[in-house]
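Next come the chains, spelled out residue by residue.
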Amino acid sequence: MAIRIVIADDHRIMRAGLRSLLNADSGLEVVGEATNSEEAMKLVHELKPDVVLLDIGMPGNENLNALKEIKSDSSEIRILMLTMHEDSELLQECLRLGANGYIIKRAAESELIDAIYAVQRGMVYVHPSMIQSLVAVPKKTKTKYSEPETLTHREIEVILLIVEGNTNRQISETLNISIRTVETHRSNIMDKLNLHSRVDLVRYVNEHNLNNLH
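Residues numbered from 1 in each chain as written. Predicted model: local features only at pLDDT ≥ 70, side-chain atom pairs only at ≥ 80, totals over all residues. Heavy atoms only, no water.

A few points about the pairing of strand E2 (residues 28-34)
Two faces make up the sheet, and in a regular strand the side chains alternate between them.
Then, in step 1: Summarising the sheet, strand E1 (residues 3-8) and E2 pair through six bridges and their orientation is parallel. Following the sheet pairing, isoleucine 5 is matched in E2 by valine 30.
Then, in step 2: Considered for its hand, the β-α-β crossover made up of E1, helix H1 (residues 12-23) and E2 is right-handed. (Pairing = 2+ DSSP bridges. Helix = DSSP H or I, 4+ residues; strand = E, 2+ residues; numbered from the N terminus. Right-handed = clockwise from strand over helix to strand, strands pointing away.)

Put into C-alpha cells, the structure is as follows:
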C-alpha cells in the first residue's frame, strides 16, 4: 500500500513540483494539498494521511501550532517540515514539537523521497547540513553505545557514507551494491548499535573516531 501524503505549501509551483516528484514513485501517493495551516489541519483530519509535508514559511504564524495540533490529534502521522532556512533554533523547536524530519527546500528533489521512507519507518530525518547543530553531547552525559568492534568493514563504510549525507542510491553506486542491500545494512546497523536516526550515527562516529578505524 502506498504511503499517503498531504502537501501544505502556499506556493502553487512548489506544490506542483513536489506532487510530480512524489507521484512518480509507485510507493507514494499525494492525496491532498493545502495552501495554509488551517487548510492543512482540516485535510489531515479528513484524510488521515501517513505523512504531511508542512511548509514552515506559509503566511501567518500558525504553522508551528499546526505541527503541534496535528501531532496531538494523531501521533502516528509523520510530519516533515519544509523550509528555506538552515536555522538550528527553528530545527530544534520543530523537533521538540514532534516533527519527524526537517528538509531544506533546495534539497527536496534529491532528499525528499528518502526522507519520507525514513520517517515512515519511524526514523528522524534531518538535512545533513543541520545535523551538527544537534550532535553536541556534554562529556558527562555521553550516550553508551555498542563498541565499533561489533561492526563489519562494510557496515563502517555505509555508516560513513550516511553521515556524509549520501542517499541510499548514492551509497549503492559508490559501493557497487544494490539499493536493497544498502537498506539491509542500514537496518542492521541501527539494530546492532541501538540507534534511531542519522543524528545518532553522527554522534556515534564523533564519539568513537570511526573515521580513523576505516
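Section: the layout of surface pockets
Then, in step 1: Of the pockets and cavities examined, the largest pocket occupies roughly 440 Å³.
Then, in step 2: Around the largest pocket, the lining is made up of 20 residues, and of these Ile113, Asp114, Thr167, Asn168 and Arg169 lie nearest the centre.
Then, in step 3: Every element with two or more residues in the lining of the largest pocket is listed here: helix H5 (108-120), helix H7 (168-175) and helix H8 (179-193).
Then, in step 4: Of the residues forming the lining of the largest pocket, the biggest block, six residues, is contributed by H5.
Then, in step 5: Each of domain 1 (3-135) and domain 2 (148-212) contributes no fewer than three residues to the lining of the largest pocket. (1 Å grid on protein atoms, 1.4 Å probe; cavity = no way out; pocket = protein on both sides within 12 Å on 5 of 7 lines; lining within 4 Å. Points joined across faces, edges and corners; volume = space filled by probe spheres on them. Domains from an automatic or database assignment.)

Here we look at the nonpolar core
Nonpolar side chains in soluble globular proteins tend to be buried together.
Then, in step 1: Counting 39 residues, the largest nonpolar core has Ile5, Leu22, Leu53, Leu80, Leu112 and Ile116 as the members making the most contacts within it.
Then, in step 2: For this core, the domains that each give at least three residues are domain 1 (3-135) and domain 2 (148-212).
Then, in step 3: Formed by 28 residues, the second largest nonpolar core is a distinct cluster that contains Ala8, Ala66, Cys94 and Val199. (Core = buried A, V, L, I, M, F, W, Y, C linked by side-chain atoms within 4.5 Å. Buried < 20%, exposed > 50% of the residue type's maximum accessible area, 1.4 Å probe, protein only.)

Re helix H3 (residues 63-73)
Then, in step 1: When we look at burial in H3, the residues that qualify are Asn63, Ala66, Leu67, Ile70 and Lys71. Within H3, the buried residues cover an arc of 125 degrees as seen down the axis, which keeps them to one side.
Then, in step 2: Along its buried surface, H3 packs onto helix H2 (37-47), strand E3 (51-55), strand E4 (78-83) and helix H4 (88-96). (Arc of directions from axis to C-beta. Contact = heavy atoms within 4.5 Å.)

Some thoughts on the pairing of E4
Then, in step 1: The buried fraction of E4 is high, at six of six residues.
Then, in step 2: Burial along E4 is two-sided: Arg78, Leu80 and Leu82 facing one way and Ile79, Met81 and Thr83 facing the other are all buried.
Then, in step 3: Sheet topology note: the E3/E4 ladder contains five bridges and is parallel. Within the sheet, the bridge partner assigned to leucine 53 lies in E4 and is leucine 80.
Then, in step 4: In this fold, E4 hands off to H4, which returns the chain to strand E5 (residues 101-104); that crossover is right-handed.

Considering the sheet that holds E1
Then, in step 1: Read from one edge of the open sheet, six strands run E2-E1-E3-E4-E5-E6, paired in parallel fashion. The open sheet has two edge strands with one neighbour each: E2 and strand E6 (125-126).
Then, in step 2: Pairing geometry for E1 and E3, over four bridges, is parallel. Following the sheet pairing, isoleucine 5 is matched in E3 by valine 51.

Functional significance is not addressed by these values, which are geometric in nature.
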